[in-house]
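Chain and residue survey
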Amino acid sequence: MLAFSSVLLLLIIKFYRDRRKTDAAVEVSTLARVPKGMTWRQRWIWVPRALIAAGMMAVVLSVANPRESGLLQKMVVPVTKVLSLLDISGSMASAMDGSTMSKIDAAIAGERAFIQDQRKGATNQVGVAMWDTKVVVISPLTTDLDLAETTLEQIKAGGGTDADLAIRTGINVFLKRNIVEIDEALHPEATELKRAMRAKGLGAALQIFFKEPQGSALWNLVVRPDQAKVIRLSTDGDSSGDPIKAAQMAKYYGIKIHTIGIPASDLKEDVLAEIAHITGGRYARADDAKSLADIHLAISEEIKTPVAVTIPSEKSYEHELSVLAFVSVGLGLLLANLKLRLLSLAA
């Protein structure tokens with residue numbers, strides 16, 4: 001439309017200029033100045049019309065708005081949902097090996113270092129949960145990192161160790177957040193699910209969700225396979241329940257688990273390594289407070305690393321054609337106005 005408007009304006013200006021010149025012209029019948037041969041102006045008299053014709057063709061093409069489809073690869077920092085599952089069992093109150101700092105204080109310091117690093121170049125959602133034989137989510141998944149960091153002050157050690165329950169609860173944290181984020185106006189298929197969530201809570205919503213086949217529209221909305229989900233699980237002891245089975249469930253929902261072992265007599269490093277392996281995460285052993293913080297920082301840097309993504313792209317040539325039309329018609333009218341016309345006989 002830009003090309004059409006521009007060319008139309010040029011033609012209107014040309015029309016009124018020609019009309020004024022025609023009204024002011026005085027015709028004289030004479031052959032005195034007719035040249036015997038064609039002048040260079042007469043030889044190139046077709047140029048203005050050709051330029052105008054080319055410009056009009058460009059107008060037509062511009063209105064059609066031709067586009068070229070393809071694929072574009074670019075580097076982006078993926079948005080990740082990260083939940084920390086921090087063991088607060090009674091053994092975490094004991095001192096780290098070779099240090100006066102308690103394991104729980106070292107773990108809190110590591111969490112704080114992770115959260116502070118997430119403020120640098122990331123827009124991830126961070127959540128914190130503490131667990132022993134029960135799980136308490138002290139900070140839901142949020143981009144409010146100040147809130148997440150403040151909740152660390154609530155952490156106190158005491159109780160048993162149930163990593164199975166911790167992982168299963170962590171899975172529900174992700175599912176709950178994804179349900180909350182669903183826009184019913186855009187996804188009416190989720191209306192019943194959202195209504196159950198509002199009226200009866202997560203349990204009622206999950207009962208509806210569990211009936212969905214994997215890969216269905218509603219299943220994808222709740223699981224969000226397109227979105228990275230990471231659990232950081234740190235512990236210093238053996239676990240009750242079946243954390244390996246819980247890890248397999250996490251894998252089913254696309255959740256990666258990084259496990260961190262804090263040395264203790266009953267630490268089951270093989271179990272932690274297997275949990276990480278099943279879900280595509282990594283196991284790391286923290287022998288002191290510094291190495292614990294370094295592990296958290298390494299995970300933070302990993303989820304902030306740009307990745308190459310390929311997205312559909314579409315290039316429009318409307319702007320280029322508009323410029324071509326304006327220049328062609330404008331130049332054609334300019335040359336015509338300089339006496340390069342079909343009936344020009346000037347020497």
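Residues numbered from 1 in each chain as written. Predicted model: local features only at pLDDT ≥ 70, side-chain atom pairs only at ≥ 80, totals over all residues. Heavy atoms only, no water.

A tally of helices and strands in the protein yields 13 helices and eight strands. Counted over contacts in the protein with a minimum sequence separation of 6, partners at least 24 positions apart contribute 79%. Carbon and sulfur atoms make up 60% of the accessible area of the protein, which amounts to about 18900 Å² in all. (Helix = DSSP H or I, 4+ residues; strand = E, 2+ residues; numbered from the N terminus. Contact = heavy atoms within 4.5 Å. Areas by Shrake-Rupley, 256 points an atom, 1.4 Å probe, with all protein chains shown as cover.)

All told, the structure shown has four aromatic pairs when counted by the stated rule. The interplanar angle of 75° and the centroid separation of 5.8 Å between the aromatic rings of Trp219 and Tyr252 together place this pair among those described as edge-to-face. Linking Trp219 in helix α9 (residues 217-223) with Tyr252 in helix α10 (residues 243-252), this pair joins segments that are 33 residues apart in sequence. Accessibility expressed as a relative area gives 6% for Trp219, which makes it buried. For the ring pair Tyr252 and Tyr253, a centre distance of 4.9 Å and an interplane angle of 70° mean the geometry is edge-to-face. Through a chain of ring-to-ring contacts, the aromatic side chains of Phe209, Phe210, Trp219, Tyr252 and Tyr253 assemble into a single cluster. (Phe/Tyr/Trp six-rings, centres within 6.5 Å; stacked < 30°, edge-to-face > 60°. Buried < 20%, exposed > 50% of the residue type's maximum accessible area, 1.4 Å probe, protein only.)

All right, on to the environment of Met57 then. Tracing the backbone shows Met57 in helix α3 (residues 46-64). Judged by its relative accessible area of 56%, Met57 falls in the exposed class. Remark: the alpha-carbon pair of Met57 and Leu324, spanning 267 residues in sequence, is separated by 9.8 Å.

Before going further, it helps to examine the environment of Leu141. With respect to the helices and strands, the residue Leu141 is situated in strand β4 (residues 135-142). With 57 residues separating them along the chain, Leu141 and Ser84 place their C-alpha atoms 9.9 Å apart. Contacts of Leu141, omitting those with residues within four sequence positions, involve Lys81, Val82, Leu83, Gln125, Val126, Gly127, Val173, Phe174 and Arg177.

Glancing now at the pairing of strand β6 (residues 255-261). Looking down a regular strand, the side chains alternate between one sheet face and the other. Across the seven residues of β6, six count as buried, placing the element largely inside the fold. The pairing of strand β5 (residues 228-235) with β6 spans seven bridges and is classified as parallel. Paired with Leu233 across the two strands is Thr259, which belongs to β6. The β-α-β motif built from β5, the intervening α10 and the parallel element β6 has right-handed crossover chirality. As paired elements, β6 and strand β7 (residues 283-285) share three bridges and run parallel to each other. (Pairing = 2+ DSSP bridges. Right-handed = clockwise from strand over helix to strand, strands pointing away.)

Quick look at the pattern of salt bridges now. One pass over the full model with this rule turns up 18 salt bridges. Across the pair Glu111 and Arg232 runs a salt bridge whose closest N-O atoms are separated by 3.1 Å. Here Glu111, found in helix α4 (residues 103-118), pairs with Arg232, found in strand β5; they are 121 residues apart in sequence, far enough to count as distant. Of the two residues, Glu111 and Arg232, neither departs from the other in class, the shared state being buried. Residue Asp146 pairs with Arg119 through a salt bridge whose shortest N-O separation is 2.6 Å. Residue Asp146 is found in helix α5 (residues 145-150), and its partner Arg119 is found in the loop between α4 and β3 (125-131); the two are separated by 27 residues along the sequence. Among the charged side chains, a salt-bridge network with shared partners connects Arg112, Arg119, Asp146 and Glu149. (Salt bridge = Lys/Arg side-chain N within 4 Å of Asp/Glu carboxyl O.)

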